[in-house]
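Structural characterization, general
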Amino acid sequence: MNNTFFIICLILQVSLVHLTHFFGGTITSRPYNNSQTTGPIQMIVRERWSWLRSRYSPFCSPATIAAQTPLIGDSNSVACFVAGCTAYWPNTAMNTQTWCTDYSIPLDTASGEYYNTYSIPINITFSIRFSGGNWLDQLGAGWAGLGWSVVSRINTIVRPDNRINTSPVAVSLPIIYKLTRVQHTHVIQMSDFDGTDILKCRWATSSGNVNGVDECSGICNGLPGGVNAALTGINCTMSFTLLTDNWYYGVALQIEDFYDNAAFLANTPMSSVPLQFLFYGYGNTSGCNTPPAIVGERPNRACIGVMPNDNITLLVIVEVYCPGKSIVDFISTVPRGVTKSSILNPSVGRYDLVLSWIPRTDQYGPQGICMAAIDNTKIQSNQWCVTYLVGFLSPDVIKPTLVQGTASPIGTVFQNQTIFAIQTSKFVNRPTRNGTNIYFRNASAGGTIVQTFDCGWAPEVTYTGYTIVIRFPIAPWTPGHFFYVTMDSGVASGTEFCGPESAALNDPTFWVFNIWNPAVSSTTTTTTTPFTTVTVTTKPTSTTSINTLLTTTGIIITTTLPATTTATTTTTAPPTTAPPTTAGPTVSSATTESTVAVMYPKDFEDACKQPIGVMTALLMAIMMPVHTVAMYAAFTKYGSLFNPAKMKAKTRHQLRMRRVLQS
């Protein structure tokens with residue numbers, strides 16, 4: 001693909017508003033079977049809308065979420081507008097009432113989703129629209145009754161790769177709080193089940209677009225002198241500064257997918273997905289204004305593989321940085337069936353929320369979750385989103401085992417070791433996010449980081465099939481020290497869709513190795529008096545039990561703690577009792593011995609010198625006569641075979657025989 005980096009500097013397509021009851025939404029579609037190439041296509045169309053919670057009674061609550069009834073929202077039709085389209089998309093096909101999935105009492109918002117399967121003729125494309133009024137009841141210039149228009153394009157044309165297209169997916173919170181008069185960068189998380197497609201987002205427009213209709217109604221254009229913004233379409237990144245405190249700004253985007261670079265350059269998308277939401281600008285107040293932050297357990301924009309009917313638990317961790325502030329609520333966008341715990345406060349400055357979910361079989365594919373924490377002064381954390389990929393497994397980094405297991409090296413290794421490798425449970429690629437790191441830590445120095453590699457881009461980290469290989473430019477190891485490896489979430493990423501990620505690994509016993517210290521070998525001279533002087537050679541012994549298995553480097557593994565060497569020699573004085581009755585003197589001594597004989601590389605080399613020398617001499621003595629006889633026989637045979645006199649005599653004999661036969 002050519003270097004396509006589009007920055008569209010425009011007046012941000014927003015409007016300064018007060019709200020009535022519509023807070024935005026999206027419409028996506030995908031085939032039930034993307035390999036079908038004949039007959040009507042069963043298309044699953046999914047809508048998601050956010051509303052003023054207090055408008056719809058009974059209010060969205062944990063009870064209505066669990067019961068999935070009653071539905072919330074307006075009952076307006078999601079209609080097609082191409083001539084003849086009502087034959088396969090009647091006006092009654094879909095309205096905008098949804099199952100409630102989320103709500104926030106402080107923000108007075110409620111969100112929900114609905115999806116159903118529709119039979120659509122093959123090889124057609126058409127757009128559907130939800131339009132209405134009272135998104136906004138007051139524009140900054142004084143307009144009233146501002147309307148909305150949300151448009152999505154459905155495509156059943158068979159692609160060049162003989163599949164039916166799946167539209168892109170983008171998720172967002174309905175309301176995102178931003179400090180005014182400060183420049184912000186906001187990224188919309190886009191993904192596509194057709195992993196090779198090129199994605200781009202653009203501002204929704206009132207005309208001249210692939211949908212052929214007004215995509216944004218009242219929030220297509222900003223006010224004169226309004227908010228200047230830049231949109232980077234290829235990664236859907238907005239840069240902007242909000243100007244007015246306590247105002248909402250409506251944003252309308254279209255996410256589009258292109259089959260290849262030629263289609264991208266020709267601007268011929270296969271589908272077009274709307275995403276509309278709100279920014280809210282708040283001003284600085286006295287005191288600490290640092291917003292809270294969601295810090296885990298998964299990073300922002302993570303992709304996680306799960307299977308239908310799995311019992312999923314996700315811990316959302318929030319840190320609060322201002323004294324006297326606390327988390328009082330979360331605003332969220334979650335799939336159908338997700339439940340939330342009460343807000344937990346396990347320690348000062350930390351708040352947790354536990355999400356639980358059992359994915360349904362009809363939720364196959366990407367399911368987005370977005371969260372933001374709200375403190376007691378109504379300051380909101382940045383948006384945090386993850387995507388669950390239902391029907392696909394995330395790769396696992398396989399725990400190393402002795403001997404010659406799934407990682408190399410382990411156990412005791414040499415100081416010059418620079419190549420490390422570990423295996424995964426499935427084919428993996430490099431992660432799509434920078435800042436996804438592997439850490440090598442020095443356990444003997446309290447877990448300090450010795451080396452960090454960013455797997456998103458570092459050339460020292462390579463991915464080959466089921467294996468991750470790390471190559472150090474220079475070995476940073478300290479002899480005698482113990483080391484372990486930890487990994488961020490997503491170090492191993494699958495190949496499907498958004499790349500389902502491995503979980504974070506923080507266990508200091510998961511992948512452990514220690515550096516061989518040659519200084520532990522010693523030779524000492526011990527004297528016993530008055531009878532004799534002897535030389536005693538001691539080998540290092542472990543202070544704990546020893547595992548006699550070989551490591552992946554061939555060095556004996558000893559312990560998980562540094563080994564020490566001890567030796568004790570007792571010197572005896574002349575006997576004070578009667579002279580001995582034996583023919584010679586006796587010497588008594590006490591030594592501390594290892595319960596297991598440990599042979600180190602140098603000892604092994606020394607022990608093998610003599611037998612290797614003897615075997616080499618014997619082999620030479622045996623093979624030299626054999627070699628001589630074989631060479632003599634070979635040269636004799638060749639000499640006889642190619643002797644000129646014999647060759648001429650053979651030719652003359654052949655001529656005589658030919659004449660005899662001819663006569």
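Up top is the structure these notes are about.
Notes on the structure in this doc start here. (Residues numbered from 1 in each chain as written. Predicted model: local features only at pLDDT ≥ 70, side-chain atom pairs only at ≥ 80, totals over all residues. Heavy atoms only, no water.)

Looking now at the overall build of the chain. Counting secondary structure elements, the chain contains four helices and 38 strands. Counting all 663 residues of the chain, 47% fall into the buried class. A sequence separation of at least 24 residues applies to 73% of the contacts in the chain between residues at least 6 apart. (Helix = DSSP H or I, 4+ residues; strand = E, 2+ residues; numbered from the N terminus. Buried < 20%, exposed > 50% of the residue type's maximum accessible area, 1.4 Å probe, protein only. Contact = heavy atoms within 4.5 Å.)

Attention shifts here to the state of the cysteines. By the definition in use, this model includes six disulfides. Paired through a disulfide, cysteine 201 and cysteine 236 show a sulfur-sulfur distance of 2.3 Å. Every disulfide takes its handedness from the sign of the S-S torsion; for cysteine 201 and cysteine 236 that torsion is 110 degrees, giving right-handed. With cysteine 201 in strand 14 (residues 198–203) and cysteine 236 in the loop between strand 15 (228–232) and strand 16 (237–241), the pair connects residues that are 35 residues apart, well separated along the chain. Each member of the pair, cysteine 201 together with cysteine 236, is buried. (Disulfide = S-S within 2.5 Å.)

On to the nonpolar core. Ile175, Ile188, Met238, Leu253, Phe277 and Phe279 are the most contacted members of the largest nonpolar core, which has 40 residues in total. For this core, the elements supplying multiple residues, two or more each, are strand 10 (169–171), strand 11 (175–179), strand 14, strand 15, strand 16, strand 17 (247–258), strand 18 (271–282) and strand 26 (365–375). In this structure, leucine 253 is in contact with Ile188, Arg202, Trp203, Ala204, Leu231, Cys236, Met238, Val273, Pro274, Leu275 and Phe277, ignoring residues within four places of it in sequence. (Core = buried A, V, L, I, M, F, W, Y, C linked by side-chain atoms within 4.5 Å.)

Let's shift gears to the sheet that holds strand 28 (residues 407–408). The strand order across the open sheet built from four strands is 28-30-34-33, with neighbouring strands paired in antiparallel fashion. If you trace the sheet from one side to the other, it starts and ends with strand 28 and strand 33 (461–464), each paired once. Pairing geometry for strand 28 and strand 30 (residues 419–423), over two bridges, is antiparallel. Note that in strand 30 the partner of serine 408 across the bridge is alanine 421. (Pairing = 2+ DSSP bridges.)

A word on unusual backbone geometry. Omega for the peptide link from threonine 69 to proline 70 comes to 0 degrees, which places this bond in the cis form. Residue proline 409 is bonded to the preceding serine 408 through a cis peptide linkage, with omega at -5 degrees. A positive phi angle is found at asparagine 267, which is not glycine, with a value near 55 degrees. With respect to the helices and strands, asparagine 267 occurs in the loop between helix 2 (261–266) and strand 18. For asparagine 267, a relative accessible area of 45% corresponds to the partly exposed category.

Further remarks concern a nonpolar patch on the surface. On the surface, Met631, Phe635, Tyr638, Leu641, Phe642 and Met647 cluster together to form a nonpolar patch covering roughly 680 Å² of accessible area. Considering every element that reaches the nonpolar patch, the biggest residue donor is helix 3 (residues 601–641), with four residues. (Patch = residues over 30% accessible without salt bridge, like charges linked within 9 Å, V, L, I, M, F, W, Y side chains within 5 Å. Areas by Shrake-Rupley, 256 points an atom, 1.4 Å probe, with all protein chains shown as cover. Salt bridge = Lys/Arg side-chain N within 4 Å of Asp/Glu carboxyl O.)

Here we come to the pairing of strand 15. Regular strands place side chains that alternate from one sheet face to the opposite one. With four of five residues buried, strand 15 lies mostly within the body of the structure. The pairing of strand 15 with strand 16 spans four bridges and is antiparallel. Of the residues in strand 16, the one forming a bridge with threonine 232 is threonine 237. The turn linking strand 15 back onto strand 16 is made up of four residues, and cysteine 236 within it adopts a positive phi angle of 50 degrees.

The next thing to look at is the pattern of salt bridges. Here the structure, examined in full by the defined rule, presents 17 salt bridges. One salt bridge in this structure joins glutamate 113 and arginine 48, with 3.8 Å as the shortest N-O distance. Pair noted here: glutamate 113 is in strand 7 (residues 109–120) and arginine 48 is in strand 4 (residues 41–52), with a separation of 65 residues, a long-range link. Taken as a pair, glutamate 113 and arginine 48 share a single burial class, namely buried. Three or more residues are tied together by salt bridges with common partners; here these are Arg46, Arg48, Asp102, Glu113 and Lys340.

Now for the sheet that holds strand 31 (residues 437–442). In a beta sheet, neighbouring strands are held together by backbone hydrogen bonds and run either parallel or antiparallel to one another. Within the open sheet, the five strands sit side by side as 29-36-35-31-32. Their pairing is mixed. Of all the strands in the sheet, just strand 29 (411–413) and strand 32 (448–454) have a single pairing partner and so form its edges. Averaged over all pairs of adjacent strands, the angle between strand axes in this sheet comes to 30 degrees, irrespective of strand direction. With five bridges joining them, strand 31 and strand 35 (residues 482–487) adopt antiparallel strand pairing. By the bridge assignment, phenylalanine 440 is partnered in strand 35 with valine 485. (Axes fitted to C-alpha atoms, helices over the stretch in contact; angles between N-to-C directions.)

Turning to the pairing of strand 33, a few remarks are in order. Alternating residues of strand 33 divide into Val461 and Tyr463, all buried, and Thr462 and Thr464, none buried. The pairing of strand 33 with strand 34 (residues 467–471) spans four bridges and is classified as antiparallel. From the neighbouring strand, threonine 462 faces strand 34, where its bridge partner is valine 469. Following strand 33, the chain reverses through two residues before pairing antiparallel with strand 34; glycine 465 in that reversal takes a positive phi of roughly 65 degrees.

Read these as geometric descriptors, not functional statements.
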